[in-house]
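A structural walkthrough
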Amino acid sequence: LHGPIPSSLCQAGGGGLTYLALDGNELSGPIPECFGTSFQSLTQLLLQENRFSGGLPSAWNLTSLNSIIASNNPKLGGFLPGSLFEGVP
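The present account deals with the structure reproduced in this document.

**As for the packing of aromatic side chains**
Throughout the structure, instances matching the rule amount to one aromatic pair. Ring centres 5.3 Å apart and planes at 80 degrees place the aromatic pair Phe35 and Phe39 in the edge-to-face group. Phe39 carries the same exposure label as Phe35, and that label is buried.

Structure representation (structure tokens):
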């Protein structure tokens, strides 16, 4: 895969998706804001080894998410959003 992630992926992923692996591709551009709210059953999100830029989505409301890996994206930066840690003891 290469190029930006279409935001339409968020509309398709709502249901019971628990694992999303987009690692090891040539995906580029920003991670869509909807990634932080659209996959309510998601437990693992793998985004490493791509060409994402910008930062992580600012709002996260994924209570099932317990693992996100976004390493090896040289143009991805910024801060981890505080909402990513809500509900963590």
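**Considering the sheet that holds strand β5 (residues 51-54)**
Sheets are built from strands paired through backbone hydrogen bonds, the pairs being either parallel or antiparallel. The four strands lie next to each other as β1-β3-β5-β7, forming an open sheet whose pairing is parallel. Strand pairing shows two members of the sheet lacking a second neighbour, β1 (2-3) and β7 (75-76), which therefore form its edges. Examined bridge by bridge, β5 and β7 share two bridges and lie parallel to one another. Within the sheet, the bridge partner assigned to Gly54 lies in β7 and is Leu76.

**A look at the sheet that holds strand β6 (residues 67-69)**
Strands sit in the order β2-β4-β6 across an open sheet of three strands; the sheet is parallel. Among the strands making up the open sheet, the edge pair consists of β2 (19-21) and β6. Each strand of the sheet is rotated relative to its neighbour by a mean of 5 degrees, with strand direction disregarded.

**Quick notes on the pairing of β5**
Relative to β5, strand β3 (residues 26-29) runs parallel, the two being bridged by two bridges. Pairing of Ser28 across the sheet is with Arg51, part of β5.

**Re the nonpolar core**
Grouped together as the largest cluster of nonpolar side chains are 18 residues, with contacts concentrated most on Phe35 and Leu45. Setting aside its immediate chain neighbours within four residues, Leu45 contacts Leu20, Phe35, Trp60, Leu65, Ser67, Ile68 and Ile69.

**Overview of unusual backbone geometry**
A positive phi angle, close to 60 degrees, is found at Glu49, a residue other than glycine. One non-glycine residue with positive phi stands out, namely Asn72, at about 60 degrees. Structurally, Asn72 can be placed in the loop between β6 and β7.

The rules behind each value
- Residues numbered from 1 in each chain as written.
- Predicted model: local features only at pLDDT ≥ 70, side-chain atom pairs only at ≥ 80, totals over all residues.
- Heavy atoms only, no water.
- Phe/Tyr/Trp six-rings, centres within 6.5 Å; stacked < 30°, edge-to-face > 60°.
- Buried < 20%, exposed > 50% of the residue type's maximum accessible area, 1.4 Å probe, protein only.
- Pairing = 2+ DSSP bridges.
- Helix = DSSP H or I, 4+ residues; strand = E, 2+ residues; numbered from the N terminus.
- Axes fitted to C-alpha atoms, helices over the stretch in contact; angles between N-to-C directions.
- Core = buried A, V, L, I, M, F, W, Y, C linked by side-chain atoms within 4.5 Å.
- Contact = heavy atoms within 4.5 Å.

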